[in-house]
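Letter by letter, the chains look like this.
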Amino acid sequence: MPAVEVTGERVEQLLTELTEAAGPVAAGLAEELVRALVELYGTGLARVVEVVAEQPGLLTRITGDPLLAALLVLHDLHPASTELRVRQAVERIRPFLGRHAGDVELVEVTDTAVRLRLTGSCEGCPSSQETVRNAIESAVTSAAPEIETITVAGVAAQPPLLQIETAPRHPYAGAACPAEPAAAQAEGVPR
C-alpha cells in the first residue's frame, strides 16, 4: 500500500481516537486543522508542478514515482487523466496475464469505476481467480487511487467446496429385513 494511503488511514484513525477521547468539538477542530494543512501542501505542490513543468522530462520523472504520483492524484494535479493512467496500468499487467495464456480488455473507465474483461485461458479459470484479480486490482489502484470500484468480467466464481453427502439410510436399517427370517437376524446370522 502506498505511503499516502497508509498515512491517510492513520489520520482517520487518529481523528476517531480524538473524537472518543476529547469529544466532537476537539475532533471538529482537528479535522479543520487537517483540511488546512492538506490545502496548504496542495497549494505548494501545485506551484512545484508549475515550476517542474518548465523543465523537459522532469514532470515525467515525477509522475513515474509512485509516492509523488499518488500525491499529485490526491491534490488533483496529476497531468494524466484517470483513463490514461488506468490504460497504462492495464498495459503493465498484460505480460503477467500472458503467462497464464490470457489477456485483459479495458471495457470502461469513469471517474470512480473501471470495468475490465478477461480473455483467453484466464477467462473462467478458477485456479487463477484470486491471483489475476489481485494483480489487476493492485495495478489499477496504484495507478489511479481515485478508482473506487473495479469489476473484472470473466473471472470465474469460486467453485463450491466439495459437498459430502451421507448415503441415504436403508429403509430396513436396524430392523429385521422382511426377506430374512426374524430368527436369523436375532441369532446374528450374517446376511
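Residues numbered from 1 in each chain as written. Predicted model: local features only at pLDDT ≥ 70, side-chain atom pairs only at ≥ 80, totals over all residues. Heavy atoms only, no water.

In the nomenclature of an unreviewed UniProt entry, the chain corresponds to NifU family protein from the organism Natronosporangium hydrolyticum. Turning to the chain, the UniProt record has this under Function (unreviewed entry): "May be involved in the formation or repair of [Fe-S] clusters present in iron-sulfur proteins." (UniProt positions renumbered as here; feature names shortened; annotations may be inferred.)

A. Here's a closer look at the nonpolar core. Ranked by internal contacts, the top residues of the largest apolar core, which has 22 residues, are Val86, Ile93, Leu97, Val104, Val114, Leu116 and Ile136. Among the elements of the structure, α5 (82–98), β1 (102–109), β2 (113–120), α6 (129–143) and β3 (149–153) are those that each provide at least two residues to this core. Listed in part, the six residues of the second largest apolar core include Leu45, Val49, Leu59 and Ile62. (Core = buried A, V, L, I, M, F, W, Y, C linked by side-chain atoms within 4.5 Å. Buried < 20%, exposed > 50% of the residue type's maximum accessible area, 1.4 Å probe, protein only. Helix = DSSP H or I, 4+ residues; strand = E, 2+ residues; numbered from the N terminus.)

B. Inspection of the packing of helix α1 (residues 3–22) against helix α2 (residues 24–53) at higher detail. The contact between α1 and α2 brings their axes to 7 Å, and the two run at 155 degrees. When the axis of α1 is compared with that of α2, the two are roughly antiparallel. The two elements α1 and α2 meet at a crossing, and its hand is right-handed. Residues Val11, Leu15, Leu18, Thr19 and Ala22 of α1 form the contact with α2, whose participating residues are Pro24, Ala26, Ala27, Ala30, Glu31 and Val34. Residues of the contact of α1 with α2, tallied by class, amount to nine nonpolar, one polar and one charged. (Axes fitted to C-alpha atoms, helices over the stretch in contact; angles between N-to-C directions. Parallel < 35°, antiparallel > 145°, perpendicular 65-115°, else oblique. Left-handed = near helix turned anticlockwise from the far one by under 90°. Contact = heavy atoms within 4.5 Å. Nonpolar A, V, L, I, M, F, W, Y, C, P; charged D, E, K, R; others polar.)

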